[in-house]
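Analysis of the macromolecular model
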Amino acid sequence: MQKYEKYYQRSSLKKIFYYGLGWLALISKILPKKKGLYAFGSMNGYAVADNSKYLFKNLEKNNTIFFITKNKEILKEEISNGTFPIYAFSFKGILIQLFSEKVYFTHGIFDFIPPLIWGSEKHNLWHGVPSKEIGPDADWKFSSQLTKRLKILFFRLHGYMYYMSCDYVYCPFIERVN
C-alpha cells in the first residue's frame, strides 16, 4: 500500500491545477445535491481509517453512503458488510462527490477532489484532540501580518484550496476527572 504521508504536501503544479479548477468549484456550488447522498474520506484519500471509517461503519448502509479513496490498491478491501471504497477519479466517484449532500472527512478536504465537493455540506471529523493551536493562526504563524491577511483573503475566495475549509468541525474533548 502506498504511504499516504507523501500526499500531504501538494506540489506547486498541483496547486496551480486546483486553482485552475475554480470554475468546477462554482459549478459544484450551484448544482443541486441529492438528499441523503453522503461521501466519506480520510487520510488525504489514501486510506480508510480514523473517525470517518468508524462513523461510516456505524451508519446503516444503503445505496447513498459511500467511502471515497484515491488509492487504487485498496479498492478490493472490504470496509464492512460487503461495502468497498469507490475510486475518487472514476466516473461514479466523480458523480458521488459532485452530488453529495454531505461529505465527512478527517484530514481535510483533500481527502476528496476539493472542487467537486464545494457545494456539499462539509463535516470535518478531525483526527484527534488538538492540544495546540490549529487553523490559519498555526499554519501561518511565521508569516507577516500582511501575508497572513492576504492568505486569508485568498482562501476565502478559493476555499476549496485550503485543507481546513469546512462547514462543521467535530472534535473529541478530554473529559476532566476530578
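Residues numbered from 1 in each chain as written. Predicted model: local features only at pLDDT ≥ 70, side-chain atom pairs only at ≥ 80, totals over all residues. Heavy atoms only, no water.

**As for the confidence of the model for the protein chain**
Put simply, the protein chain has an average pLDDT of 83, and 84% of its residues get 70 or more. When pLDDT is averaged over each helix and strand of the protein chain, the minimum, 72, is found for helix α5 (residues 136–139) and the maximum, 97, for helix α4 (residues 91–99). (pLDDT = per-residue confidence, 0-100. Helix = DSSP H or I, 4+ residues; strand = E, 2+ residues; numbered from the N terminus.)

**Brief notes about the pairing of strand β2 (residues 65–69)**
Within β2, five of the five residues are buried, which leaves it mostly tucked inside the rest of the structure. Side chains I65, F67 and T69 of β2 all project onto a buried face; the interleaved residues F66 and I68 project onto the opposite face, where all are buried too. With three bridges joining them, strand β1 (residues 34–40) and β2 adopt parallel strand pairing. Bridging from a neighbouring strand, A39 pairs with F66 of β2. Both β2 and strand β3 (residues 86–87) contribute to a ladder of two bridges, which runs parallel. (Buried < 20%, exposed > 50% of the residue type's maximum accessible area, 1.4 Å probe, protein only. Pairing = 2+ DSSP bridges.)

**Section: the pattern of salt bridges**
Two side chains carrying opposite charge are able to pair once their charged atoms lie near each other. Enumeration according to the criterion identifies three salt bridges in this entry. With a closest N to O distance of 3.9 Å, E121 and K102 form a salt bridge. Of the two residues, E121 sits in strand β5 (residues 121–124) while K102 sits in strand β4 (residues 100–105), which places them 19 residues apart along the sequence. By relative accessible area, E121 is classed as partly exposed at 27%. Of the charged contacts, one joins D167 and K122 as a salt bridge, the two residues approaching to 3.6 Å between their closest N and O atoms. Residue D167 is found in the loop between α6 (145–157) and β6 (168–169), and its partner K122 is found in strand β5; the two are separated by 45 residues along the sequence. Residue classification places D167 among the partly exposed residues on the basis of a relative accessible area of 43%. You can call K122 buried: its relative accessible area is 4%. (Salt bridge = Lys/Arg side-chain N within 4 Å of Asp/Glu carboxyl O.)

**Quick word on the sheet that holds β3**
Read from one edge of the open sheet, six strands run β3-β2-β1-β4-β5-β6, paired in parallel fashion. Two strands lie at the open edges of the sheet, namely β3 and β6, each paired on one side alone. Inspection of the sheet shows β1 paired to β4 by four bridges, in the parallel sense. Across the sheet, residue F40 finds its bridge partner in β4, namely Y104. The sheet contacts of helix α3 (residues 50–58) involve β1, β2 and β4, and relative to β2 the element is tilted by about 155°. (Contact = heavy atoms within 4.5 Å. Axes fitted to C-alpha atoms, helices over the stretch in contact; angles between N-to-C directions.)

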